[in-house]
Amino acid sequence: MTFLERTTMSVTYEAGDFSTSRASNYRYSWDLVTHLVGREFRLRYRRTIFGWLWAMGYPLARLLVLAFLFTRILPLGIENYAVFAFTGIIAWSWFATGIASATSSVIDRRDLLIRPGVPRSAVPIVSVLTDGLDYAAALPVLAVFLLLGDGIPLTSLLLPVILVVQLLFTLGFGLALCAANVYLRDVRLLVDVVMLLGFYLTPVFYDAQSVPDRYRLVLDLNPMAHLLSAYRDILIAGHAPATVPFLVLTTVGMAILAVGYLIYRWASPSFVDEL
Amino acid sequence: MNEIEVLGVSKRYRYAASGMPRKLRTLKNRGPRVDHWALRDVSFAVARGETLGVIGKNASGKSTLLRLLAGITRPTRGSVHISRTVSGLLTLGESMHPLLSGEENALTGAILAGLRRAEAQRRLLQIAAFAELEDHMEQPLRTFSDGMRLRLAFAVAVHVDPEILLVDEVLAVGDMRFQEKCFSHLEGLQASGVTVVVASHDLDQIRRLCTRTLWLSRGRVMDIGKTDEVADHYRQALSEDAPSREPVTSGGVRHGSGEVEITGVRLFDHRERETSRITPGNPLTVEIDFIAHEEVPDAIFGVSAHAERDGVRCFDIHTGADGRSVGRLHGPGRIRLHLDRLDLTGGIYLLDVGIFDTSWEQTYDYLWQAFALEVSGGDHEVAVLRPPHRWSMQ
């Protein structure tokens, strides 16, 4: 799969032809994506007094509401609820905002598409990764919560692995939805609605165990449900996620990314005509 | 050795009826897709190190051609072959952000144009020097004037070692002296073996930079060859229909399938003098010259206007709503719309002119904001209409 290639050397564009022979230059793409991600992230908090600290504001506010609801009003009986819910909130936020911003990315950043040689897939990738930095900015808060509780278990070192698997899903969905949104602007609005539903259909603030068996299928088909339980395994319970299910999840993630990328690559040559 | 080969390229843009300006189509918003062929069967080649000029009026397909060469979009038919890396001066400064400093914006621009980050960083001084902005690079872009922004954008674009450079109408940067600097820089690039394609409607620029030139008109190649010869043909063709053509494409947007083509739009005041300015309450005549390239049984002609200051639609008059049939069209013709009195307030009004088929299924030709009409008087008007009136105290 040629991800993020810069057009160099000989290229032939033909009618109805979507695959082009291109020499790849991954180092360039790395520079491009990291530079744009840094730029977007800085811009997001430019001219604010608290700067990137604002990245913590939203998940903390959500946590406050949920913690009050489910420890004081309707106690769920989950141990160390702050850590439990916060893990879910920040991971879910990245997933939801990442997909939503990737979906509209190409429309927002037409200027990047009309640059000769800039790989088109860079546009949604930059969106997803920029939102990933918001996640990263909230991790110190999580660390504080963990230290206030039982401490940070050694298995937390596996966090990057799970982040990468989440990235596979987020990007895969993001690329496909981004392509669809160029042709049908309803997609962006639909994504917002689905993400709102998703927040409640994913065990972000409740325990997956407490879901009755006949509704289990909803959780089993939801990749974020599996990812959240993996996060909680390594961050709270202190053990690695079960190997086989996690490998299956990773494989599904790679498949979704592959399909998403193929859809994006198939659709992207005519993006500029549609914008 | 050919660096660029374009073989039988056609490019079709398809508008869903809802995606096009619907100025004249408010009565019927249903409608199928409108096809617009921006390029039809274009073939040519450019050798390594050569500079090709592309001339033609607005909407002749120049920009589409450059986009195809840049790989930004794909041909509908035919093929484009490019043998080296393409850089483009297609748009200047679109990716710049007002809150970031000149330096940060230059860095982003250079990376987007194809430099590795470290290399881009190394060239910042050079870029700042070329743009003559050394003292401003630390300041946010929002403090820059438009001219400074364009200078910076141009400086970035030409300091990235292009191999094939596409230039689209962006040489009008800065004052005369800076333009001269841009030209010399481009000439330097030419001398170092860069292949250049320049699209412009400015014949002087083309003559100066290009040995060979391609003339596009409505998406077709009219002529290709030595710049002097092509430029002469082009100029000749321009002068033949110059009086009627001039206002037609002044800044407007044009589309349509082209069976019937608008060749001229003129406005006349009540003394039958050609004008672009009337006083309120006076009559106005809109004269449309057209040519039906194919025989058409009947058509709808329309003229609409909206106020420039707030976009308020003032009128939308067409033969369809008036129940007028214009009859069979073939070859050149002329139609006039007489507005007996125009009670508009002072200000600028933009006229759209269009020819459609009788079912509104198809747009033959449509000029959006084809003409600016100035109605004199009234600097502080907020309304559109100024009906004839008088006061009487009871």
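All values derive from a computational prediction rather than experimental measurement.

### Concerning the sheet that holds strand β7 (residues 195-199) of chain B
All names here are of chain B.
Link 1 in the chain: Spatial strand order, β5-β6-β7-β3-β8-β9: six strands in an open sheet with mixed pairing. Lying at the two open borders of the sheet, with one neighbouring strand each, are β5 (86-89) and β9 (220-226). In this sheet, adjacent strand axes meet at a mean angle of 15° when their direction is disregarded.
Link 2 in the chain: Sheet analysis places strand β8 (residues 212-217) next to β9, joined by six bridges and oriented antiparallel. Along β9, the bridge assignment pairs R212 with K226.

### Digging into the confidence of the model for chain A
Link 1 in the chain: Looking at chain A, the pLDDT average stands at 88 and 91% of residues meet or exceed 70.
Link 2 in the chain: Across residues 16-23 of chain A, where pLDDT falls below 50, the model places 16 contacts with residues more than four positions away in sequence or in other chains.

### So, the interface of chain A and chain B
Link 1 in the chain: The interface is formed by 37 residues belonging to chain A together with 46 residues belonging to chain B.
Link 2 in the chain: Here chain A packs against chain B, burying approximately 3600 Å² in sum over the two surfaces, 50% of which is carbon and sulfur.
Link 3 in the chain: Our enumeration of links across chain A and chain B arrives at four salt bridges.
Link 4 in the chain: Across the chain A-chain B interface, the total number found is 14 residue pairs in polar contact (both at pLDDT 80 or more).
Link 5 in the chain: Contributions of two or more residues to the side of chain A that touches chain B are made by β1 (11-14), α1 (26-44), α4 (110-113) and α11 (271-274) of chain A.

### What to know about the side chain of B:D168
All names here are of chain B.
Link 1 in the chain: Along the chain, D168 turns up in strand β6 (residues 164-168).
Link 2 in the chain: Of the buried charged residues, D168 lacks a salt bridge, with K62 as the closest side chain of opposite charge at 6.5 Å.
Link 3 in the chain: Reaching out from D168, the side chain makes a polar contact with the side chain of S63 at a distance of 3.0 Å.
Link 4 in the chain: Look past the residues within four positions of D168 in its chain and what remains in contact with it is S63, L66, L89, L90 and A199.

### Topic: helix α10 (residues 243-267) of chain A
Link 1 in the chain: Counted at 1.5 Å a residue, the expected span for α10(A) with its 25 residues is 36 Å, and the 36 Å between its end C-alpha atoms agrees.
Link 2 in the chain: Turning to α10(A), the residues buried within the fold contact α3 (81-108), α5 (122-148), α6 (159-183), α9 (223-237) and α11 of chain A.

### Quick word on the domain arrangement of chain B
Residues and elements named next belong to chain B.
Link 1 in the chain: Splitting chain B by domain gives domain 1 (2-15 + 34-240) and domain 2 (254-393).
Link 2 in the chain: Look at where the C-alpha atoms of domain 1 and domain 2 centre, and you get two points 36 Å apart.
Link 3 in the chain: The partner domain 2 presents seven residues to the five residues of domain 1 that form the contact.
Link 4 in the chain: Summed over both sides, the interface of domain 1 with domain 2 buries roughly 560 Å², with 48% coming from carbon and sulfur.
Link 5 in the chain: It is V34, H36 and R218 that lose the most area in domain 1 upon contact with domain 2, and together they represent 70% of the buried surface on that side.
Link 6 in the chain: At the junction of domain 1 and domain 2, the tally comes to two salt bridges.
Link 7 in the chain: With its nearest N and O atoms 3.9 Å apart, the salt bridge here joins D365 to R218.
Link 8 in the chain: Our count for the domain 1 to domain 2 interface comes out at zero residue pairs in polar contact (both at pLDDT 80 or more).
Link 9 in the chain: A class-by-class count of the residues in the side of domain 1 that touches domain 2 yields one nonpolar, one polar and three charged.

Parameters at a glance
- Residues numbered from 1 in each chain as written.
- Chains lettered and ligands numbered in written order.
- Predicted model: local features only at pLDDT ≥ 70, side-chain atom pairs only at ≥ 80, totals over all residues.
- Heavy atoms only, no water.
- Pairing = 2+ DSSP bridges.
- Helix = DSSP H or I, 4+ residues; strand = E, 2+ residues; numbered from the N terminus.
- Axes fitted to C-alpha atoms, helices over the stretch in contact; angles between N-to-C directions.
- pLDDT = per-residue confidence, 0-100.
- Contact = heavy atoms within 4.5 Å.
- Buried area = accessible area lost by both parts, 1.4 Å probe.
- Salt bridge = Lys/Arg side-chain N within 4 Å of Asp/Glu carboxyl O.
- Polar contact = N/O pair within 3.5 Å; in protein donor to acceptor, adjacent residues only side chain to side chain.
- Buried < 20%, exposed > 50% of the residue type's maximum accessible area, 1.4 Å probe, protein only.
- Lys, Arg positive; Asp, Glu negative; His and termini not counted.
- Expected span 1.5 Å × (residues − 1).
- Domains from an automatic or database assignment.
- Nonpolar A, V, L, I, M, F, W, Y, C, P; charged D, E, K, R; others polar.

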